[in-house]
Amino acid sequence: MTNFTSNTYTLKRKILTFTDKISNRLPKPERKFAADMTYGMLAGGSCLLTDVADQLHEPSKKINVVDRLSRHLEKGTPAAAAHSYLQTIKKWVPAEPVIYIDDSDVAKPDGCKFEALGIVRDGSESKAAKNVYKKGYHVTEACVLIASNHPVSVFSKIHSSSEKNYKSANVITFQAMEQGASLFGKATFAMDRGYDDNKMFLKLEELKQDYVIRLTSKRKLFFHNKWVPATELRNRRKGKIKTNVFYRGKDHEAYLSHVRVQITASRKDIFLVLVYGITEHPMMLATNKEIKSKEDVIHVARTYFSRWKIEEYFRCKKQMFQFENFRVRKLAAINALNFYITLCMAFLAMISMQSETNALKAAIIKTADPIKEKVFFCYYRLAKGISGILSYAKEGVRLWFRTKRPAYRQLCLKLSV
């Protein structure tokens with residue numbers, strides 16, 4: 001292609017415009033650092049500081065560049081930048097936001113010097129028959145769907161039970177709920193079986209939020225003036241509403257049913273939505289959203305099934321930016337690094353909202369050279385295409401932050417008469 005240079009310049013300018021929106025309230029060194037990290041990770045496809053330093057093409061020695069980046073990360077996540085990020089994301093979200101909350105892990109099996117390193121269940125190696133535990137950190141993430149139907153993080157925190165004054169994972173989850181509620185006012189929270197807990201229902205009722213939560217087989221519900229196991233209600237009924245749902249990368253034909261019940265947490269009327277034909281045992285979804293028609297039932301089921309996108313979001317962070325390959329040791333620095341990876345993911349989301357006829361987006365996808373013409377989750381090809389275009393850059397972003405000095409007037413001597 002003959003226009004690689006123009007594509008590189010256009011993409012670089014777009015990255016710097018995006019980071020400037022996030023860091024415009026910070027001092028100039030912090031603004032340059034935010035641009036360095038975002039550009040370096042998008043160009044290198046890695047969060048490793050040595051890889052970021054390679055993409056900056058600075059005349060300084062690499063060890064000095066890495067030390068500078070490390071010192072900035074140790075300061076933690078700037079509050080002003082985090083606030084600007086959330087306000088930017090808020091503009092991308094449709095009128096009825098859907099927020100997905102899920103937990104993941106960052107495994108560091110060979111780590112010894114990381115701060116407050118704990119023990120986590122490795123989701124990539126664990127199976128239904130056996131759980132695998134390794135050294136690492138817990139990650140609590142809350143994502144919201146934007147206009148392009150892709151997830152963007154509104155809360156992300158790396159934490160460990162080995163931290164000093166650590167209370168519980170529920171406290172972190174409540175922080176994610178509170179942040180989502182304060183940002184959007186009213187939203188629908190979609191969560192998996194791990195959040196089938198009375199505390200979660202009560203917290204969402206307290207925040208006056210809607211929810212769709214998958215129930216476990218141990219749950220009991222109040223139905224016709226007596227407590228009945230949810231599995232008994234599930235086995236009594238058959239799905240009468242036929243619909244198609246997208247689950248684990250494939251379209252499935254599902255049959256839905258619903259019944260009004262009460263839950264042990266609040267004793268308020270909610271609906272139990274039953275989904276038949278997808279898994280071995282029918283799924284049980286609890287929701288406090290009003291159901292008046294079969295379209296409402298279908299909407300509740302599809303809201304839950306769309307939560308697979310947050311799992312894909314985790315996988316993309318780990319594959320495209322080598323999320324588990326970081327070397328910074330302080331927990332504050334790790335969370336700061338996670339914030340800049342979140343900025344990179346948000347930039348991919350911004351590109352995904354562009355029209356298919358947009359010249360830059362078309363160039364990015366062409367550079368990625370994808371096998372499939374269309375996919376439901378396009379972050380992988382966007383990240384690959386951006387890295388491919390930026391590989392032609394001979395300079396980083398330091399020349400975009402030149403110090404503006406006043407033009408000195410020429411010295412002239414005044415002759416006395």
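In case you missed it, the structure is sitting above this.
One structure accompanies this document, and this report is about it. (Residues numbered from 1 in each chain as written. Predicted model: local features only at pLDDT ≥ 70, side-chain atom pairs only at ≥ 80, totals over all residues. Heavy atoms only, no water.)

1. A short note on the overall build of the protein chain
So, step 1. Broken down by element type, the protein chain carries 13 helices and 12 strands.
So, step 2. Projected onto its principal axes, the C-alpha positions of the protein chain cover 110 × 50 × 50 Å.
So, step 3. When the 417 residues of the protein chain are sorted by exposure, 52% land in the buried category.
So, step 4. Expressed as a percentage of contacts within the protein chain between residues at least 6 apart in sequence, the contacts between residues at least 24 apart total 62%.
So, step 5. In the form shown here, the protein chain has an accessible surface area of approximately 21600 Å², with 49% of it arising from carbon and sulfur atoms.
So, step 6. Of the side-chain charges in the protein chain, 71 are positive and 40 negative, and the distance between the mean point of each set is 4 Å. (Helix = DSSP H or I, 4+ residues; strand = E, 2+ residues; numbered from the N terminus. Buried < 20%, exposed > 50% of the residue type's maximum accessible area, 1.4 Å probe, protein only. Contact = heavy atoms within 4.5 Å. Areas by Shrake-Rupley, 256 points an atom, 1.4 Å probe, with all protein chains shown as cover. Lys, Arg positive; Asp, Glu negative; His and termini not counted. Charge placed at Lys NZ, Arg CZ, Asp CG, Glu CD.)

2. Digging into the pairing of strand S4 (residues 151-159)
So, step 1. Here S4 lies mainly inside the structure; seven of its nine residues are buried.
So, step 2. Here strand S3 (residues 133-145) folds back onto S4 in antiparallel fashion, the turn holding five residues, of which Asn-149 has a positive phi close to 65°. (Pairing = 2+ DSSP bridges.)

3. Points about the packing of helix H2 (residues 28-44) against helix H13 (residues 379-390)
So, step 1. In contact at an axis separation of 7 Å, H2 and H13 are set at 100° when each is read in the N-to-C sense. Classified by the interaxial angle, the pair formed by H2 and H13 is roughly perpendicular. Contacts between H2 and H13 involve Tyr-39, Leu-42, Ala-43 and Gly-44 from the former and Ile-386, Ser-387 and Leu-390 from the latter. (Axes fitted to C-alpha atoms, helices over the stretch in contact; angles between N-to-C directions. Parallel < 35°, antiparallel > 145°, perpendicular 65-115°, else oblique.)

4. Considering the pairing of strand S2 (residues 118-121)
So, step 1. Residue alternation in S2 divides its side chains into a buried set, Gly-118 and Val-120, and an unburied set, Ile-119 and Arg-121.
So, step 2. Direction of pairing for S2 relative to S3: antiparallel, over a ladder of four bridges. Paired with Ile-119 across the two strands is Lys-135, which belongs to S3.

5. So, unusual backbone geometry
So, step 1. Even without glycine at this site, Asn-149 takes up a positive phi of about 65°.
So, step 2. The backbone of His-224 shows a phi angle near 55°, a positive value even though the residue is not glycine.
So, step 3. Residue position: His-224 is located in the loop between strand S7 (220-222) and strand S8 (227-229).

6. A few points about H13
So, step 1. A rise of 1.5 Å per residue sets the reference length of H13, with its 12 residues, at 16 Å; its end C-alpha atoms lie 16 Å apart and thus fit the reference within 8%.
So, step 2. Burial within H13 is extensive, with nine of its 12 residues counted as buried.
So, step 3. When we look at burial in H13, the residues that qualify are Tyr-379, Tyr-380, Arg-381, Leu-382, Ala-383, Gly-385, Ile-386, Ile-389 and Leu-390. (Expected span 1.5 Å × (residues − 1).)

7. Considering the pattern of salt bridges
So, step 1. Under the definition given, this model contains 23 salt bridges.
So, step 2. For Glu-58, the salt bridge goes to Arg-68, with nearest N and O atoms at 3.0 Å. Within this pair, whereas Glu-58 is found in the loop between helix H3 (49-56) and helix H4 (62-74), its partner Arg-68 is found in helix H4, the two being separated by 10 residues in sequence. The pair Glu-58 / Arg-68 is uniform in exposure class, with both members buried.
So, step 3. A network of salt bridges, in which partner residues are shared, links Lys-32, Asp-36, Glu-58 and Arg-68. (Salt bridge = Lys/Arg side-chain N within 4 Å of Asp/Glu carboxyl O.)

8. Let's talk about the packing of aromatic side chains
So, step 1. Following the criterion strictly, the structure yields 12 aromatic pairs and no others.
So, step 2. On the basis of an interplanar angle of 55° and a centroid distance of 5.8 Å, the ring pair of Phe-377 and Tyr-380 is categorised as tilted. Exposure class is identical for Phe-377 and Tyr-380. Each is buried.
So, step 3. Within the aromatic cluster, the residues linked to one another by ring pairs are Phe-33, Tyr-85, Phe-339 and Tyr-340.
So, step 4. Across from the ring centre of Phe-174, 5.5 Å away, lies the NZ or CZ of Lys-203, which sits over that ring. (Phe/Tyr/Trp six-rings, centres within 6.5 Å; stacked < 30°, edge-to-face > 60°. Lys NZ or Arg CZ within 6 Å of the ring centre and 35° of its normal.)

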